[in-house]
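Read off the chains here:
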Amino acid sequence: MATTYSKTAIALQGGGALGAYSFGALKYIYESEPNLRLSSISGVSIGAFTAAIVASHPDNPIGHLQSFWKDLTVFHSNLLPAQVETFFSYFGNPNFYLPRQDYYELPLWTSFYDLSPIKNTLAKYVDLRRIARAEVKLVVTATDIESGEIKSSQIAAQCQKICSTFGIA
């Protein structure tokens, strides 16, 4: 008897804490369906980060997602009141964002934070070569900051171009 596979797609939304919720939901799904193999995954904002990690590790992304979310966890101490801890995020997260220090460009700022740390963090968990092979179709959606238009893109072709440009194909 021939084995049949169904196509399964997951869409993940953005919004900080919802990304952590999505991780919990994915963990439950992968534990409940040990042989799950997604055919496609899409995401926006933090959901796009999660989707890229899943597409990079389609057999079992849970360990990678767990490490990613551990990296994004803000400092916690039982010695400090909870009201104080809520303000820690203003000072940044070394694996996600840091307060900008290029004050000479202050009039040109569109954000108070430097987002370069998340690029380094994502580089630890996202495998562009694997995404380029499109084992799992990855679709990322974002808003164009200048036009306000929503842009959606299948990522495999862009990853192939990036990999060949940097000689990592």
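Once a new chain begins, its residue numbering starts again from 1 and follows that chain's sequence as written. Selection of residues for local features in this predicted model requires a pLDDT of at least 70, selection of side-chain atom pairs for listing and counting requires 80 or more, and totals for whole chains, interfaces and linings are taken over all residues. Calculated side-chain values reflect all of the structure's heavy atoms, with hydrogen atoms and water omitted.

J.: Explain the overall build of the protein to me, using residue names and the numbers behind them.
T.: For the protein, the helix and strand inventory stands at 7 helices and 6 strands. Listing every helix and strand of the protein by position from the N terminus yields β-α-β-α-α-α-β-β-α-α-β-β-α. Within the span of the protein, comprising 169 residues, buried residues form 33% of the whole. If you sum the accessible surface of the protein, you get close to 11300 Å²; carbon and sulfur atoms cover 59% of it. Each helix corresponds to a stretch of at least 4 residues labelled H or I by DSSP, and each strand to a stretch of at least 2 residues labelled E; elements are numbered beginning at the N terminus. Any residue under 20% of the maximum accessible area for its type is buried, any over 50% is exposed, and the rest in between are partly exposed; the area is computed with a 1.4 Å probe on protein chains only. Note on areas: Shrake-Rupley with a 1.4 Å probe; residue coverage comes only from the protein chains shown.

J.: If you had to explain the pairing of strand β2 (residues 40-44) to someone new, which residues and values would you point to?
T.: The side chains of a regular strand alternate, first on one face of the sheet and then on the other. As paired elements, strand β1 (residues 9-12) and β2 share 4 bridges and run parallel to each other. Bridge pairing links Ala 9 to Ser 40 in β2. Note that the unit made of β1, helix α1 (residues 17-32) and β2 has a crossover that is right-handed. Sheet analysis places β2 next to strand β5 (residues 137-143), joined by 5 bridges and oriented parallel. By the bridge assignment, Ser 40 is partnered in β5 with Lys 137. In short, DSSP must find at least two bridges between two strands for them to pair. Orienting the strands away from the viewer, one traces the path from the first strand over the helix to the second; a clockwise path indicates a right-handed crossover.

J.: Tell me about a nonpolar patch on the surface, and name the residues and values.
T.: The grouping of Val 74, Phe 75, Leu 79, Leu 80 and Val 84 at the surface amounts to a nonpolar patch, some 480 Å² of accessible area in total. With respect to the element layout, Phe 75 can be found in the loop between α3 (62-72) and α4 (82-85). Exposure above 30% relative accessible area and the absence of a salt bridge qualify a residue for a patch, where like charges join within 9 Å and nonpolar side chains (Val, Leu, Ile, Met, Phe, Trp, Tyr) within 5 Å. One side-chain nitrogen of Lys or Arg within 4 Å of one carboxyl oxygen of Asp or Glu is enough to make a salt bridge.

J.: So what about the packing of helix α2 (residues 46-56) against α3? Which residues, and what values?
T.: Where helices are involved, their axes are fitted lines through C-alpha atoms of the stretch in contact, as for all axes, and angles between N-to-C directions lie from 0 to 180°. The contact between α2 and α3 brings their axes to 10 Å, and the two run at 145°. Here α2 and α3 pass one another in a crossing that is right-handed. For the pair α2 and α3, the contacting residues are Ile 46, Phe 49, Thr 50, Ile 53 and Val 54 in the first and His 64, Leu 65, Phe 68, Trp 69 and Leu 72 in the second. Residues are grouped as follows: Ala, Val, Leu, Ile, Met, Phe, Trp, Tyr, Cys and Pro are nonpolar; Asp, Glu, Lys and Arg are charged; every other residue, Gly included, is polar. Grouping the constituent residues of the contact of α2 with α3 by class yields 8 nonpolar, 2 polar and no charged. Left-handed describes a crossing whose near helix is turned anticlockwise from the far helix through less than a right angle; right-handed describes the clockwise counterpart. Contacts are residue-level and defined by heavy atoms, with any inter-residue pair within 4.5 Å sufficient.

J.: I'd like to hear about the packing of aromatic side chains, residue by residue, with values.
T.: Classification of ring pairs rests on two measures: the distance between centres of Phe, Tyr or Trp rings, Trp counted by its six-membered ring, which must be within 6.5 Å, and the angle between planes, read as stacked under 30 degrees, edge-to-face over 60 and tilted in between. By the definition in use, this model includes 9 aromatic pairs. Ring pairs connect the aromatic residues Phe 49, Phe 68, Trp 69, Phe 96, Tyr 97, Tyr 113 and Tyr 125, which therefore count as one cluster.

J.: Go over the confidence of the model for the protein, please, and point to the residues and values.
T.: Scored from 0 to 100, pLDDT reflects the predictor's confidence in each residue. Predicted confidence across the protein gives a mean pLDDT of 82, with 86% of residues reaching 70 or more. Between the elements of the protein, mean pLDDT differs from a low of 54, seen in helix α7 (residues 156-165), to a high of 93, seen in α3.

J.: Requested: an account of the environment of Gly 16, with residues and values cited.
T.: Looking at the secondary structure, you find Gly 16 in the loop between β1 and α1. Once residues lying within four places of it in the same chain are set aside, the contact partners of Gly 16 are Ile 46 and Trp 69.

J.: Please set out the nonpolar core residue by residue, giving values where relevant.
T.: Judged by nonpolar contacts, the single largest core of 26 residues is most densely connected at Leu 26, Leu 38, Ile 41 and Phe 68. Of all the secondary-structure elements, those providing two or more residues to this core are β1, α1, α2, α3 and α5 (116-125). A total of 6 residues in this core trace back to one element, the largest contributor, which is α2. If we skip the residues at most four places from it in the chain, Phe 68 touches Phe 49, Ile 53, Ile 118, Thr 121, Leu 122 and Tyr 125. Working definition of a nonpolar core: buried Ala, Val, Leu, Ile, Met, Phe, Trp, Tyr and Cys residues. They are joined through side-chain atoms within 4.5 Å.

J.: Give a description of α5 that names residues and reports values.
T.: Within an α-helix, residues lying three or four positions from one another point in the same direction, as the helix has 3.6 residues per turn. Looking only at α5, the buried set comprises Pro 117, Ile 118, Thr 121, Leu 122 and Tyr 125. An end-on view of α5 places all buried positions within 130° of arc, on one side of the element. In α5, the exposed residues that point more than 90 degrees away from the buried face are Lys 119, Asn 120 and Ala 123. As for α5, its buried residues are in contact with α2, α3, β3 (98-99) and β4 (113-114). An arc is given here, and it is the one of the directions from the helix axis to the C-beta atoms.

J.: Tell me about unusual backbone geometry, and please be specific about residues and values.
T.: Although it is not a glycine, Ser 45 adopts a positive phi angle of roughly 55°. Mapped onto the secondary structure, Ser 45 falls in the loop between β2 and α2. Overall, Ser 45 belongs to the partly exposed group, its relative accessible area being 46%.

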